[in-house]
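# Report on the structure
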Amino acid sequence: MKALVTGDWHLTDKQPVNRIDNYEEALFKKLKFISRTAQTNHCDCIIQPGDFFNQPNPSYEFFSKVIDEIKNMDMYIYTVMGQHDLKYRNAEDTALAALEKACPTLLLLGKTTHKNNWCIHGCSWGEPIPEPDPDYDFNILIIHKMIVERKLWEDQEDFEYGELFLAKHKYDLIVSGDNHKAFSVSLGKRYLFNCGSLMRSTIDQTEHFPIIFIFDTKDPLKVKTIPIPCEPSENIFRLETVVKDKERNEKLEAFVSGLTLQKEMGLDFENDLVTYESTNKIEEHLIRIRQECMR
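Here's a quick rundown of the structure. Keep in mind that what you see is a predicted model, and the values were worked out from it rather than measured. (Residues numbered from 1 in each chain as written. Predicted model: local features only at pLDDT ≥ 70, side-chain atom pairs only at ≥ 80, totals over all residues. Heavy atoms only, no water.)

## So, the overall build of the chain
Helix and strand content of the chain: eight helices and 14 strands. In terms of overall dimensions, the chain is more spread out than a globule: its C-alpha atoms have a radius of gyration of 26 Å, far above the 19 Å expected for 295 residues. Expressed along its principal axes, the backbone C-alpha trace of the chain runs to roughly 90 × 45 × 35 Å. Every one of the 295 residues in the chain was classed for burial, and the buried ones make up 45%. Sequence separation of at least 24 residues holds for 63% of the intrachain contacts in the chain that already meet a minimum separation of 6. Element-wise, carbon and sulfur atoms account for 52% of the exposed surface of the chain, whose accessible area totals about 16,800 Å². (Helix = DSSP H or I, 4+ residues; strand = E, 2+ residues; numbered from the N terminus. Rg over C-alpha atoms; globule rule 2.2 N^0.38 Å. Buried < 20%, exposed > 50% of the residue type's maximum accessible area, 1.4 Å probe, protein only. Contact = heavy atoms within 4.5 Å. Areas by Shrake-Rupley, 256 points an atom, 1.4 Å probe, with all protein chains shown as cover.)

Below you can see the structure in the form of structure tokens.
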């Protein structure tokens, strides 16, 4: 079985605030590239690890376009529910659930799917992680969970490291979503792929370049990494916003540092005044005035 592995699609017709191009048009171009690449490489399926839509209830017009695009792919697509696909943490009455009904080649994995000698397990956001099936030669896990190569920010919590996750869960292939930064790890012939987001929707993604992987269960050591064509950042983003955001963040960091210093000094106003008086040359009569006022 040969699979095209992709990341979070976040399909939407809503224009991100800092994009200056036609976002919906760029989105469908990338879907068409994925479809052509899968066909050119004779793939049997596409694996998409959740956050298929950016919200559970897109417009009817946009939803109709997505139906047409998925049907034109003419290929099995295995996916799970990300938190953006869920409606109040519920899979019912959502666009992705409806899309599965409208498109026979789209398979939303709430249960295990078996094909020949390989087995695909789906794990939507917040669900317990299933165990591999020992009756099959090749086990695949599609999961929507924050799995990282390294912390995305210093204080990040509620995540798992990719290498440790692959070592702990004995799948032959794990495809994860939720982390918008692409990476992959391997242990022998076992792999974990996280392709990141398909689109660059926020200003902090100017250096993000979306990718896909081609993986063949018959030859797992020969993984093909393919970049998805995208426009230069200056053609699609308001880059002046990056400068303003940087200045704003520097001011915020200075403010937070000031709060930290104030915390170290203490928040007792009277004690702070006494400390100030003892470390500075304050005239005696001013100290007496302060003491009288405090009383």
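What follows continues from the structure just given.
## What about the nonpolar core?
A general feature of soluble globular proteins is that nonpolar side chains tend to end up buried together. Counting residues in hydrophobic clusters, the biggest one holds 37 residues, and the most contacted among them are W9, F52, F53 and L99. When residues of this core are traced back to their parent elements, those giving at least two are α1 (23-40), α2 (60-73), α3 (95-102), β4 (106-108) and β13 (211-216). Those residues within four positions of F52 in sequence are excluded, and the remaining contacts are W9, H10, L11, V66, I70, I77, T79, D85, L96, L99 and L106. Formed by 21 residues, the second largest nonpolar core is a distinct cluster that contains A3, C45, Y78 and C195. (Core = buried A, V, L, I, M, F, W, Y, C linked by side-chain atoms within 4.5 Å.)

## Some words on α1
Between its terminal C-alpha atoms α1 stretches 26 Å, which fits the 26 Å expected from 18 residues at 1.5 Å a residue. If you check which residues of α1 are buried, you get Y23, E24, A26, L27, F28, K30, L31, F33, I34, S35, T37 and A38. Contacts made by the buried residues of α1 are with β1 (2-5), β2 (45-48), α2, β13 and β14 (224-227). Measuring from the backbone nitrogen of E24 back to the side-chain oxygen at the start of α1 gives 3.4 Å, which picks out N22 as the cap. (Expected span 1.5 Å × (residues − 1). Polar contact = N/O pair within 3.5 Å; in protein donor to acceptor, adjacent residues only side chain to side chain.)

## Considerations on the pattern of salt bridges
This model, assessed by the stated rule, comprises nine salt bridges. K14 is paired through a salt bridge with D13; the nearest N and O atoms lie 3.5 Å apart. A relative accessible area of 26% means that D13 is categorised as partly exposed. (Salt bridge = Lys/Arg side-chain N within 4 Å of Asp/Glu carboxyl O.)

## Describing the side chain of H144
The topology assignment puts H144 in strand β7 (residues 138-144). Take H144: its relative accessible area is 2%, and that puts it in the buried class. Within the structure, H144 has its side chain in polar contact with the side chain of D51 (distance 3.3 Å).

## A look at the pairing of strand β11 (residues 183-187)
The pairing of β11 with strand β12 (residues 190-194) spans five bridges and is classified as antiparallel. Looking at β12, one finds that L187 is bridged to R190. From the end of β11 to the start of β12, which pair antiparallel, there are two residues, and G188 there has a positive phi angle of about 65°. (Pairing = 2+ DSSP bridges.)

## Some thoughts on the sheet that holds β7
Ordered by their spatial adjacency, six strands build an open sheet running β5-β6-β7-β10-β12-β11, and the pairing between neighbours is mixed. Looking along the sheet, the strands with just one partner apiece sit at the ends: β5 (113-115) and β11. Each adjacent strand pair in this sheet contributes to an overall mean axis angle of 15°, direction not counted. The pairing of β5 with strand β6 (residues 118-123) spans three bridges and is antiparallel. Bridge pairing in β6 places K115 opposite W118. (Axes fitted to C-alpha atoms, helices over the stretch in contact; angles between N-to-C directions.)

## Brief notes about the packing of α2 against α3
Where α2 contacts α3, the two axes come as close as 11 Å, and the packing angle between them is 45°. Taken together, the axis directions place α2 and α3 in an arrangement best described as oblique. For the pair α2 and α3, the sense of crossing is right-handed. Contacts between α2 and α3 involve F63, V66, I67, I70 and K71 on the former and, on the latter, A95, A98, L99 and A102. (Parallel < 35°, antiparallel > 145°, perpendicular 65-115°, else oblique. Left-handed = near helix turned anticlockwise from the far one by under 90°.)

## Things to note about the state of the cysteines
Scanning the model with the defined rule gives zero disulfides in all. C43 takes part in no disulfide bond, and the closest cysteine sulfur, belonging to C45, lies 7.5 Å away. Looking at the unpaired C123, the closest cysteine sulfur is the one in C119, lying at 14 Å. Residue C123 is classed as buried on the basis of its relative accessible area of 0%. (Disulfide = S-S within 2.5 Å.)

## Remarks on the sheet that holds strand β3 (residues 76-79)
Sheet architecture is open: six strands sit in the order β4-β3-β2-β1-β13-β14, paired in mixed fashion. Looking at the sheet topology across the chains shown, the edges are occupied by β4 and β14. Across the sheet, the mean angle from the axis of one strand to that of its neighbour is 25°, orientation sign disregarded. As paired elements, β1 and β13 share four bridges and run antiparallel to each other. Along β13, the bridge assignment pairs V5 with F213. Where α1 meets the sheet, it contacts β1, β2, β13 and β14, and its direction lies at approximately 25° from that of β13.

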